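Listed below are the residues making up each chain.
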Amino acid sequence: MTSHTPPSGPRPPKTRLFSRSSWPEARHLADVLRTETVGGALLLAGAVLALIWANSPWSDSYTRLSHAVPWPGAPWHLDLDVATWAADGLLAIFFFVVGLELKREFVAGELRDPRRAALPVAAALGGMLLPALIYVAVVLSAGGDGLRGWAIPTATDIAFALAVLAVVSSHLPQGLRAFLLTLAVVDDLFAITIIAIFYTADFQPLALLAALAPIALFAVLVQRGRTWWWALIPLAVAAWTLMHASGVHATVAGVLLGFTVPVLARRPRGGGQPATADAGADQGGLAARLEHRWRPVSAGLAVPIFALFAAGVTVRGTDLGALLRDPIVIAIVAGLVLGKSIGIFGSTYLLARFTRAELDEDITWTDLLGIALLAGVGFTVSLLIGDLAFGAGSTADDRVKVAVLLGSVISAGLAATVLSRRNATYRRVAQRERMDADGDGVPDVYQHPDAH
């Protein structure tokens, strides 16, 4: 009788969740988070100013400015008030940067590897489905009035979240920071899809088809490396205008334009090796250059101005008890605080169980809980969807603003409490991730993964 013994070769290494990415990716991540952290501080300042102004003796001036129409009687439905220009116009810059980041993630970032992409995609799906289900359940139990706002608690605001991390001085390990950013990027992709499909009003297919022409011309220019501002900006404005006229939310044009920009650096003239995904994106791809140019405009100007006109809700003379018992308010707060945290944590835990993956040695499940709670900070896209669902300035829209702000503050407070307890550990990990004993400009942990 012949006995069969299993092969004695080395076992394949187990999959590690939240492990460090490559050095070029880590350097890009640090640049993005630095800009978004500053932008988050400005966003918070805009939101606080809006609340103070809207509840001050000068609240009428805030209302008049928000509803002022700079160009009355303009063609193409462009007779919009200032608040709508902030939401539809300036946020197009924000979504253009989102499009650039999405393209980069799919071509050269975390999402290009299906094994690494599975985690943020699963977490983003869980973090969007459960808040939506909680919202629907709460609203249906109260009679069903307000179901159109089901998508409001599904969005994560990365700038607001990073501002919270800056306040608590948290030094998250690079793997967790990469997960948070990629999660937010995938979250934005799903949110854009929801806006385009479920919140399109008075659809005009001919205008939409016409919008594809300037987008195509924009694509031809950027693919050939032509960055003439006098050509690209008018094409972008034309695409935005026609998209707005089509009934599809105009910010979708920003995402589509961002998708057209090449990520990898072009092959040098005279022949040469084509750029790899890791090196090409890091060494001057057009998407990286445009993102470097426009991300500060988005984070430092577009989003804070949107916050100034979107967050101003007057609560003077309001029955706060009745407001906090409102089904829409309860549904949004529960969706952001409970739905986001349970959805992200639960989907990640299930993924780890089914794939038998292990957490990276520097990461614990408590860390993931803090990140999941932090993802409940929803602001920019949540307020935008609230405007689309109920109409800017409506009674329901005011309740949405209160709920989004309240849910975000609660989520931020809980996340800060959880993450701050591990700050000493995070500092030790961050110090190790910065150590460069040989002085070559690349931290040792990215050259020698087992270095401690």
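See above for the structure.
Below: a short report on this structure. Residue positions are given per chain, counting from 1 as you read along its sequence in written order. Local features in this predicted model are restricted to residues of pLDDT 70 or higher, and side-chain atom pairs are both shown and tallied only at a pLDDT of 80 or more, whereas totals for entire chains, interfaces and linings draw on every residue. The side-chain numbers reported here are obtained from all heavy atoms of the structure, hydrogens and water having been left aside.

### Regarding the overall build of the protein
Numbering of helices and strands starts at the N terminus; helices are DSSP runs of H or I of at least 4 residues and strands are runs of E of at least 2. Of the regular secondary structure elements, the protein holds 18 helices and two strands. For a compact globule of 452 residues, the expected C-alpha radius of gyration is about 22 Å, and the protein comes in at 23 Å, within 12% of that figure. With respect to the principal axes defined by its C-alpha atoms, the protein has extents near 85 × 60 × 50 Å. Here the protein holds 452 residues, and the buried ones make up 51% of them. A separation threshold of at least 6 residues defines the contact pool for the protein, and within that pool the share at least 24 residues apart is 80%. Accessibility throughout is a Shrake-Rupley quantity obtained with a 1.4 Å probe, and a residue counts as covered only by protein chains that appear here. For the protein, the exposed surface amounts to about 21000 Å²; the carbon and sulfur share of it is 64%. Considering the protein, the positive charge centre built from 35 side chains and the negative charge centre built from 35 side chains are found 5 Å apart. For this measure, only C-alpha atoms enter the radius of gyration; the expected value for a globule follows 2.2 Å times N^0.38, where N is the number of residues. Relative accessibility under 20% of the residue-type maximum defines a buried residue, over 50% an exposed one, and the middle range a partly exposed one, all with a 1.4 Å probe and only protein chains included. The contact criterion used throughout is that any non-hydrogen atoms of two residues lie within 4.5 Å. The charged-residue count follows a simple rule in which Lys and Arg add positive charge and Asp and Glu add negative charge, with His and chain termini not counted at all. In this description, the location of a charge corresponds to atom NZ of lysine, CZ of arginine, CG of aspartate or CD of glutamate.

### Comments concerning the pattern of salt bridges
Basic side-chain nitrogens of Lys or Arg form a salt bridge, by our definition, when they fall within 4 Å of a carboxyl oxygen of Asp or Glu. Tallying each qualifying case throughout the model produces 10 salt bridges. Among the salt bridges present, the one from Arg-432 reaches Asp-362, with a minimum N-O distance of 2.8 Å. Here Arg-432 is found in helix H17 (residues 423-434), whereas its partner Asp-362 is found in the loop between strand S2 (358-359) and helix H14 (365-374), with 70 residues between them in sequence. The partner of Arg-422 in a salt bridge is Asp-367, with the nearest N and O atoms 2.8 Å apart. Of this pair, Arg-422 sits in the loop between helix H16 (395-420) and H17 while Asp-367 sits in helix H14, placing them 55 residues apart in sequence. The pair formed by Arg-422 and Asp-367 is uniform in burial state, with each residue classed as buried.

### Let's talk about the layout of surface pockets
A cavity here means a set of 1 Å grid points, computed over protein atoms only, where a 1.4 Å probe fits but cannot escape. A pocket is an open set with protein on both sides within 12 Å along at least 5 of 7 lines, and lining residues have an atom within 4 Å of a point. Grid points are joined across faces, edges and corners, and a volume is the space filled by probe spheres set on the points. Approximately 780 Å³ is the volume found for the largest pocket. Taken together, 37 residues line the largest pocket, and the ones lying closest to its centre are Thr-84, Asp-88, Asp-387, Gly-391 and Ala-392. At the level of elements, helix H2 (59-67), helix H3 (82-107), helix H8 (229-246), helix H11 (286-310), helix H15 (380-390) and H16 are the ones that each hand at least two residues to the lining of the largest pocket. Residues were grouped as follows: Ala, Val, Leu, Ile, Met, Phe, Trp, Tyr, Cys and Pro as nonpolar; Asp, Glu, Lys and Arg as charged; and all remaining residues, including Gly, as polar. Partitioning the lining of the largest pocket into residue classes produces 17 nonpolar, 13 polar and seven charged.

### Quick word on the packing of helix H5 (residues 158-167) against helix H6 (residues 174-198)
For every element, the axis is a line fit to its C-alpha atoms; helices are fit only across the contacting stretch, and the angle between N-to-C directions ranges from 0 to 180 degrees. One way to put it is that H5 packs onto H6 with a least axis distance of 10 Å and a crossing angle of 155°. As the angle between them shows, H5 and H6 are arranged roughly antiparallel. The interaxial crossing formed by H5 with H6 has right-handed handedness. Each of Ile-158, Leu-162 and Leu-165 in H5 lies in contact with H6, whose residues at this interface are Leu-180, Leu-181 and Ala-184. Considering only residue class, the contact of H5 with H6 consists of six nonpolar, no polar and no charged. Here the angle decides the label: under 35 degrees means roughly parallel, over 145 means roughly antiparallel, 65 to 115 means roughly perpendicular, and every other value means oblique. In a left-handed crossing the near helix is turned counterclockwise from the far helix by less than a right angle, and in a right-handed crossing that turn is clockwise.

### A word on H5
Counting buried positions along H5 yields eight of 10 residues, so the element is predominantly enclosed. Here the buried face of H5 lies against helix H1 (23-54), H6, H14 and H16. Any pair of N or O atoms that falls within 3.5 Å is considered a polar contact. Within protein, one atom must be able to donate a hydrogen and the other to accept it, and sequence-neighbouring residues count only if both atoms are side-chain atoms. Near the N-terminus of H5, the side chain that reaches the backbone nitrogen of Ala-159, with its oxygen 3.2 Å away, is that of Asp-157.

### Here we look at the nonpolar core
Residues grouped as a nonpolar core are buried Ala, Val, Leu, Ile, Met, Phe, Trp, Tyr and Cys residues, joined through side-chain atoms within 4.5 Å. Counting residues in each nonpolar core, the largest one holds 121 residues, and the members touching the most others are Phe-18, Phe-179, Ile-332 and Phe-379. Among the elements that make up this core, the one with the highest residue count is H6 (13 residues). If near-sequence neighbours (up to four positions away) are discounted, Phe-179 is found in contact with Phe-18, Leu-119, Pro-120, Ala-123, Ile-344, Thr-348, Leu-368 and Ile-371. Listed in part, the five residues of the second largest apolar core include Leu-78, Leu-80, Ala-92 and Ala-250.

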